[in-house]
Amino acid sequence: MKKLIETIKNIFKIEELRNRILFTLSLLLVYRFGSFVVIPGINPEALGALQQQVEGNGIMGLLNIFSGGAFSNASIFALGIMPYISASIVIQLMGIVVPYFQKLQKEGESGRRKINQWTRYLTIIVLLLQGPAYLANLHAQLPDAAFVLGRSSVMFTIVATVVLIAGTMFVMWLGEKITDKGIGNGVSLIIMVGIIARLPHALLAEINTRFTESTGGLVMLVVEIALLFVVFMATIALVQATRKIPVQYAKRIVGNKQYGGVRQYIPLKINAAGVMPIIFAQALMFIPMFFSRFESTRGFSAAFADYTGFWYNFTFAILVVAFTYFYTAITVNPNMMAEDMKRNGGFIPGVKPGKKTIEYLDTIMTRITLPGSIFLAIVAILPSFAMMLGINSQFALFYGGTSLLILVGVVLDTLQQIESYLLLRHYDGLMKTGRIKGRTA
């Protein structure tokens, strides 16, 4: 405890770090305030039906967690930052198949600015589709008394769509400002704050379940917290785990100085795909629900509507494993790594440069991705097992899936940035046993 207090004092002794942290907290506070500002033309007292609808474990419940409750509050930030994330994923995938975007990725800073501009344009297009869809859901769920201008008002639809688009663009701007002048990745922090904001509500719901329905009481609650702690530790191990590939650089003597001749390592992550495989797989798992309206396919749809059922979790796990390999193949490019090593005079000991190096790196990535993908699939279906054990559906979402991976990844990245400031000023790091390892660029 004493070391923790001393570390906090050291953090606030560094003026730049202190200003960045306070700036980040102030913008996150603005985001949280905006999550409770209801869309003009909607009566806040009539939102009970919408809040009851999103309490489940469906796609709306997931969106509500990511938006920090703004989705169920019919807030101006109801769509959150997810349209921007969706646009970023599409642009990233286009960088594989579209030569123009491939060229932009190789142009450095100027190319990155152009890609960001295209991402913003695509975000607006996504919002033009999601905004009216969200309003259509409001019309279906809320009573007539909830709409001040009337349920069928065209003016309300136009104004509300513009407000939702402006809200998401403002949240995106907050994220960019946090990244530039704050600490950590702004977009990731906004998502993390939204998830954490729902944790107290979910925990209170679980406590209420344990003590009012006589299902274990305090003992069961303590067991659940202990299991949650173990899951967090295992997820941290997954996020930090790396396989180090030794790289030897050729020794060159220029004048009286020696350059190169040192051994470094390429850290290949066990889970290089991050949270994206779960997001892709979860999106596909909602497709069978569209077949529920047909009599002949209603049984097929019902099998995948049960989140604790065998076929849902089996298919979900298989999709996560498949998408982990797919996304790892997209993000990790052995050809580029081999070319960079060759250009800088580096080589892997015992492996010939060129094609042999590419094959070696590809083999290593294939081998380490298998255990990483299996563990990621286990993390993805853990909330279903938590619900089978009687844990409240809201609290069960924190036992795995997208929420858990985002929390762990963002916290580790932010702590690493804070620690780099401390070590740069010759202070001790955040961890007693040494630096935070495994989170290398």
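In the block above lies the structure referred to throughout.
Keep in mind it's a predicted model, so treat the numbers as computed, not measured.

What counts and how
- Residues numbered from 1 in each chain as written.
- Predicted model: local features only at pLDDT ≥ 70, side-chain atom pairs only at ≥ 80, totals over all residues.
- Heavy atoms only, no water.
- Pairing = 2+ DSSP bridges.
- Helix = DSSP H or I, 4+ residues; strand = E, 2+ residues; numbered from the N terminus.
- Phe/Tyr/Trp six-rings, centres within 6.5 Å; stacked < 30°, edge-to-face > 60°.
- Buried < 20%, exposed > 50% of the residue type's maximum accessible area, 1.4 Å probe, protein only.
- Core = buried A, V, L, I, M, F, W, Y, C linked by side-chain atoms within 4.5 Å.
- Contact = heavy atoms within 4.5 Å.
- Axes fitted to C-alpha atoms, helices over the stretch in contact; angles between N-to-C directions.
- Parallel < 35°, antiparallel > 145°, perpendicular 65-115°, else oblique.
- Left-handed = near helix turned anticlockwise from the far one by under 90°.
- Salt bridge = Lys/Arg side-chain N within 4 Å of Asp/Glu carboxyl O.

*Asks:* Account for the pairing of strand β1 (residues 242-249), with residues named and values stated.
*Replies:* In this structure, β1 lies alongside strand β4 (residues 263-269), joined through seven bridges in antiparallel fashion. Within β4, the residue paired with Thr242 across the bridge is Lys269. As paired elements, β1 and strand β5 (residues 346-347) share two bridges and run antiparallel to each other. Bridge pairing in β5 links Gln248 to Phe347.

*Asks:* Go over the packing of aromatic side chains, please, and point to the residues and values.
*Replies:* Per the counting criterion, the structure on display carries 14 aromatic pairs. An angle of 75 degrees between the planes, with centres 5.6 Å apart, marks the rings of Phe147 and Phe156 as edge-to-face. With a centroid separation of 5.9 Å and an interplanar angle of 50 degrees, the aromatic rings of Tyr312 and Phe316 are classed as tilted. With Tyr312 and Phe316 both in helix α13 (residues 310-331) and four residues apart, the pair spans about one turn of that helix. Each member of the pair, Tyr312 as well as Phe316, carries the same accessibility label: buried. A connected cluster of aromatic rings, assembled from ring pairs, spans Tyr31, Phe77, Phe170 and Trp173.

*Asks:* For the nonpolar core, give the residues involved together with the corresponding values.
*Replies:* Membership of the largest hydrophobic core comes to 65 residues, with the highest contact counts inside it found for Ile81, Ile191, Ile195, Phe316, Val320 and Leu405. Looking at this core, the element that brings in the most residues is helix α9 (residues 186-212), giving eight residues. Those residues within four positions of Ile191 in sequence are excluded, and the remaining contacts are Phe66, Ile81, Ile85 and Ile406.

*Asks:* Describe unusual backbone geometry, naming the residues involved and giving the relevant values.
*Replies:* One can expect most non-glycine residues to show negative phi and most peptide bonds to be in trans. The backbone of Ala74 sits at a positive phi, close to 50 degrees, despite the residue not being glycine. For Ala74, the position within the fold is in the loop between α4 (59-66) and α5 (82-97). Note on Ala74: relative accessible area 0%, which makes it buried.

*Asks:* So what's going on with the packing of α5 against α13? Residues and values would help.
*Replies:* Packing of α5 against α13 brings their axes to within 10 Å, and their N-to-C directions diverge by 65 degrees. Compared by their axis directions, α5 and α13 come out roughly perpendicular. Seen along the crossing, α5 lies across α13 with a hand that is left-handed. Residue-level contacts link Gln92, Leu93 and Ile96 of α5 to Phe326, Tyr327, Ile330 and Thr331 of α13.

*Asks:* Please give an account of the pattern of salt bridges that cites residues and values.
*Replies:* Opposite charge on two side chains permits them to pair, given that their charged atoms come into close proximity. All chains considered together, the criterion is met by three salt bridges. Between Glu16 and Arg20 there is a salt bridge, and its shortest N-O distance comes to 3.5 Å. You can see Glu16 and its partner Arg20 sitting in helix α2 (residues 15-34), four residues apart, about one turn around the helix. Owing to a relative accessible area of 37%, Glu16 belongs among the partly exposed residues under this scheme.

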